[in-house]
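# Close look at the chain arrangement
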Amino acid sequence: MQLLTNASLATMDAESGGYGLIARGVVAMADGRIHWAGPEADLPAEYAGVPRHDLEGRLVTPGLIDCHTHIVFGGDRAREFEMRLEGASYEEIARAGGGIVSSVAATRAADEAALLASAQARADHLLAEGVTTLEIKSGYGLDIATEIKMLRVARLIGETRPVHVLTTWLAAHALPAEYAGDRAGYIRDVVIGGLDAAHAEGLVDAVDGFCEGIAFSRDEMAAIFDHAAGLGLPVKLHAEQLSDLHGAAMAAAHGAISADHLEYLGADGIDAMAASGTVAVLLPGAFYTLRETQLPPVQALRDAGVPIALATDCNPGTSPLTSILLTMNMGATLFRLTPAECLAGVTRNAARALGLADRGAIAPGLRADLAIWDVKHPAELIYRIGFNPLHARIVGGEFV
């Protein structure tokens, strides 16, 4: 047992509607869990003799959660970045054989060691900004062997770095050239067949897909989700990024834990997400990189009571972003979220987007995953640009 004392606690208590700030707060930790948190004046007598760690007035937040990333991949797509600046659209690049498909060859060619080294470097940037939980998707293999290779690498990141990793099967990301004209065969052989194989190895925590005109239809994704349900796996969906195919409503009907992107989300999707408790994961890095102008319907999501999360969407093509702090700033400046909404978006709502009830706030019984900052008020984490005030991370009750 140890106490963190003389801290400003942003508990992110949902009932507070904001940061849940506690001045001169104390956190009691033992066995990887929070046992007590509150004002020092209310500290129970049973903690009187427990060793103390004086935080000298620093801010403590829950450990940050990046709930949507693609950090395992080979190669890069800097040239496509140039093409977009020269006027090509995302769809034009994809239909010309670029986009997601251009990362497939490099990822297939890379061995596990190479993929791990590059992904660790990206993960290290996120951890250095207070991330303690990280979601990682497959999706750049588009064959069974490479998709499984990506998930093995993702698991290795959690074993070689002090971070909790959750993995997501995203074979329904694009149609590879070898299955051109045989969409049903790809879904049968690779998306579903590969999912069964990866699940048998214990490599899959959730199932995702890209529901868009250049990817997979709502009906195709519904069949994949039905199969995932048979395996007892939660589902989530890239939806309404480029057009409104009503994918979010379909995902919500399947009990999806999240629907992500959502720039073109309509009223039916919002209502369905509100009814199912599906979290809206907004990805300002992709919005920024693609120079989009269609804003996600933030006010309508608020009005409907849909929880809003934020994530980096770190990927080689549309969001080469490895800063969760910049992600929060973008959420505020581009999407007009409040600073409290941004911090909730990478703590309690990000935890919900991953189906995790044991983190995302500072409260008894939750994991002792914490971030300690050299700032006085949480708004400073969102306000500053290119500034990292992290003092320390605590993962499972251990300073790292």
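Residues numbered from 1 in each chain as written. Predicted model: local features only at pLDDT ≥ 70, side-chain atom pairs only at ≥ 80, totals over all residues. Heavy atoms only, no water.

The name an unreviewed UniProt entry gives the protein chain is Imidazolonepropionase, with Paracoccus mangrovi as the organism. UniProt, in its Pathway (unreviewed entry) section for the protein chain, records the words "Amino-acid degradation; L-histidine degradation into L-glutamate; N-formimidoyl-L-glutamate from L-histidine: step 3/3." Under the heading Function (unreviewed entry), UniProt records this for the protein chain: "Catalyzes the hydrolytic cleavage of the carbon-nitrogen bond in imidazolone-5-propanoate to yield N-formimidoyl-L-glutamate. It is the third step in the universal histidine degradation pathway." (UniProt positions renumbered as here; feature names shortened; annotations may be inferred.)

### Things to note about the packing of aromatic side chains
Scanning all chains against the criterion turns up five aromatic pairs. Between Tyr186 and Phe216 the ring centres are 6.2 Å apart and the planes differ by 20°, which places this aromatic pair in the stacked class. Of the two residues, Tyr186 sits in helix H6 (residues 183-200) while Phe216 sits in the loop between strand E9 (206-211) and helix H7 (218-230), which places them 30 residues apart along the sequence. Under the relative-accessibility criterion, Tyr186 is labelled buried at 0%. Given the relative accessible area of 1%, Phe216 is considered buried. Joined through ring pairs, the aromatic side chains of Tyr179, Tyr186 and Phe216 make up one cluster. Between Arg122 and the ring centre of Phe73, over which it is positioned, the NZ or CZ distance is 3.7 Å. One cation-aromatic arrangement involves Arg384 over Phe387; the distance from NZ or CZ to the ring centre is 3.6 Å. (Phe/Tyr/Trp six-rings, centres within 6.5 Å; stacked < 30°, edge-to-face > 60°. Helix = DSSP H or I, 4+ residues; strand = E, 2+ residues; numbered from the N terminus. Buried < 20%, exposed > 50% of the residue type's maximum accessible area, 1.4 Å probe, protein only. Lys NZ or Arg CZ within 6 Å of the ring centre and 35° of its normal.)

### Digging into the sheet that holds E9
On the basis of which strands lie adjacent, the open sheet formed by eight strands has the order E6-E7-E8-E9-E10-E11-E12-E13 and parallel pairing. Looking at strand neighbours, the two that pair on one side only are strand E6 (64-66) and strand E13 (308-310), the edges of this open sheet. Each neighbouring strand pair of the sheet contributes to a mean axis angle of 25°, computed without reference to strand direction. Sheet topology note: the strand E8 (residues 164-172)/E9 ladder contains three bridges and is parallel. Looking at the pairing, Trp169 lines up with Val207 of E9. (Pairing = 2+ DSSP bridges. Axes fitted to C-alpha atoms, helices over the stretch in contact; angles between N-to-C directions.)

### Considering the side chain of Thr347
Note on placement: Thr347 falls in the loop between helix H13 (339-345) and helix H14 (348-353). Judged by relative accessible area, Thr347 falls into the buried class, the value being 0%. Polar side-chain contacts of Thr347 include one of 2.7 Å to the backbone oxygen of Leu343. (Polar contact = N/O pair within 3.5 Å; in protein donor to acceptor, adjacent residues only side chain to side chain.)

### Observations regarding unusual backbone geometry
Non-glycine residue Arg24 carries a positive phi angle of around 45°. Checked against the element boundaries, Arg24 lands in strand E2 (residues 21-30). Taking the relative accessible area as the measure of exposure, Arg24 reaches 52% and is therefore exposed. The residue Glu240 is not glycine, and still its phi comes out positive at about 55°. Among the secondary structure elements, Glu240 is positioned in the loop between strand E10 (236-239) and helix H8 (247-253). Given a relative accessible area of 1%, Glu240 falls into the buried group.

### Things to note about the UniProt feature "binding site: 4-imidazolone-5-propanoate" (unreviewed entry) in the protein chain
This chain's UniProt record puts "binding site: 4-imidazolone-5-propanoate" (unreviewed entry) on Arg77, Tyr140, His173, Gln241 and Thr318. You can see His173 is positioned in the loop between E8 and H6. Overall, the relative accessible area of 4% leaves His173 in the buried class. A distance of 3.0 Å separates a polar side-chain atom of His173 from the backbone oxygen of Gly139. Examined against the element boundaries, Thr318 turns out to sit in the loop between E13 and helix H12 (324-333). The class for Thr318 is buried, based on a relative accessible area of 6%.

### Here's the deal with the nonpolar core
Within the largest apolar cluster, 96 residues are counted, with the highest numbers of intra-cluster contacts made by Ile157 and Trp169. The greatest single-element share of this core, amounting to seven residues, is contributed by H6. Excluding its chain neighbours within four sequence positions, the residues that come into contact with Ile157 are Ile71, Val72, Leu116, Ala119, Gln120, Ala123, Ile136, Val163 and Val165. In terms of nonpolar packing, the next biggest core, distinct from the first, is built from 15 residues, Val27, Ala368, Ile372 and Ala392 among them. (Core = buried A, V, L, I, M, F, W, Y, C linked by side-chain atoms within 4.5 Å. Contact = heavy atoms within 4.5 Å.)

### Notes on the pattern of salt bridges
Throughout the structure, instances matching the rule amount to 22 salt bridges. Across the pair Glu112 and Arg152 runs a salt bridge, and its minimum N-O distance is 3.8 Å. Taken together, the residues Glu112 in helix H4 (residues 112-127) and Arg152 in helix H5 (residues 144-160) connect sequence positions 40 residues apart. A relative accessible area of 29% means that Glu112 is categorised as partly exposed. When the shortest N-O distance is used, the salt bridge between Arg155 and Asp205 registers 2.9 Å. Pair noted here: Arg155 is in helix H5 and Asp205 is in the loop between H6 and E9, with a separation of 50 residues, a long-range link. You can call Arg155 partly exposed: its relative accessible area is 22%. Shared partners join several salt bridges into a network, and the residues in it are Glu135, Lys137, Asp208 and Lys236. (Salt bridge = Lys/Arg side-chain N within 4 Å of Asp/Glu carboxyl O.)

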